[in-house]
Amino acid sequence: MKIMVIQGPNLNMLGVREQNVYGPMKLEQIHEQMRAFAQQNGVEIEFFQSNLEGELVDKIQECLGDADGIIINPAAYTHTSIAIRDAVAAVAIPTVEVHISNIHAREEFRHKSLIAPVCAGQISGFGPFSYHLAMVAMMQILNEIKAMKEMQKQQQAQQG
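From a predicted model like this one, the values you see are computed outputs, not experimental measurements. (Residues numbered from 1 in each chain as written. Predicted model: local features only at pLDDT ≥ 70, side-chain atom pairs only at ≥ 80, totals over all residues. Heavy atoms only, no water.)

Caption draft 1: How the structure looks around the sheet that holds strand β5 (residues 121-124). Across the sheet, five strands lie side by side as β2-β1-β3-β4-β5; this open sheet has parallel pairing. A strand with exactly one partner marks an edge of an open sheet, and here the two such strands are β2 (44-49) and β5. Each strand of the sheet is rotated relative to its neighbour by a mean of 20°, with strand direction disregarded. Its contacts with the sheet place helix α2 (residues 27-40) against β1 (2-7), β2 and β3 (69-73), and it is angled at close to 165° to β2. Each of β1, β2 and β3 is contacted by helix α3 (residues 53-62), which is oriented at about 175° to β1, the strand it contacts most. (Pairing = 2+ DSSP bridges. Helix = DSSP H or I, 4+ residues; strand = E, 2+ residues; numbered from the N terminus. Axes fitted to C-alpha atoms, helices over the stretch in contact; angles between N-to-C directions. Contact = heavy atoms within 4.5 Å.)

Caption draft 2: Summary view of α2. Under the 1.5 Å per step criterion, the end-to-end length of α2 is 20 Å for 14 residues, consistent within 8% with the ideal 20 Å. Three or more residues of α2 are buried, namely L27, I30, H31, M34, F37 and A38. Seen along its axis, α2 keeps its buried residues to an arc of 125°; they face one direction. Turned more than 90 degrees from where α2 packs its buried face, E28, Q39 and Q40 sit exposed. (Expected span 1.5 Å × (residues − 1). Buried < 20%, exposed > 50% of the residue type's maximum accessible area, 1.4 Å probe, protein only. Arc of directions from axis to C-beta.)

Caption draft 3: Representation of the pattern of salt bridges. Across all of its chains, the model carries four salt bridges by this definition. Across the pair D66 and K2 runs a salt bridge whose closest N-O atoms are separated by 2.8 Å. Of this pair, D66 sits in the loop between α3 and β3 while K2 sits in strand β1, and the two are 64 residues apart along the sequence. Close ionic contact of R35 with E32 constitutes a salt bridge, the shortest N to O distance being 2.8 Å. Taken together, the residues span about one helical turn, with R35 and E32 both in helix α2 at a distance of three residues. Its relative accessible area of 35% is what places R35 among the partly exposed residues. Ionic contacts of the salt-bridge type, sharing partners, join the residues K2, E46 and D66 into one network. (Salt bridge = Lys/Arg side-chain N within 4 Å of Asp/Glu carboxyl O.)

The structure is reproduced here in structure tokens:
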């Protein structure tokens, strides 16, 4: 199992920017915690961060055939990017949208996610722990898919 973690604009500034909203933890520290959790669970994990919308779209498209699941924090593009939404929909890979802050408790323009409707779910508002929750959710989704495929394989073997 491989999970791709895609981080949007300004997340490279975590630990520096708006600590009252995002906390003091740096992106590298969040990734290290995710890497440790993935390793404990026998999951391959890869990380990508960009401030550029097109690079995020390219990375989502590159996941097709390469990753089993995507965890994405589109950051400010959450509320504006039809291109990222379309890329997530196009690859049809289980995707969990994650946010450090509770986007529904912030400015009104942050309340609507264009990405969430094409994701398996959205986790928001638990600080850096949101990423851990996203990992747990993604592993559950991927295990359910694996179990379904195994069951279908057994049924086909019994029928044929």
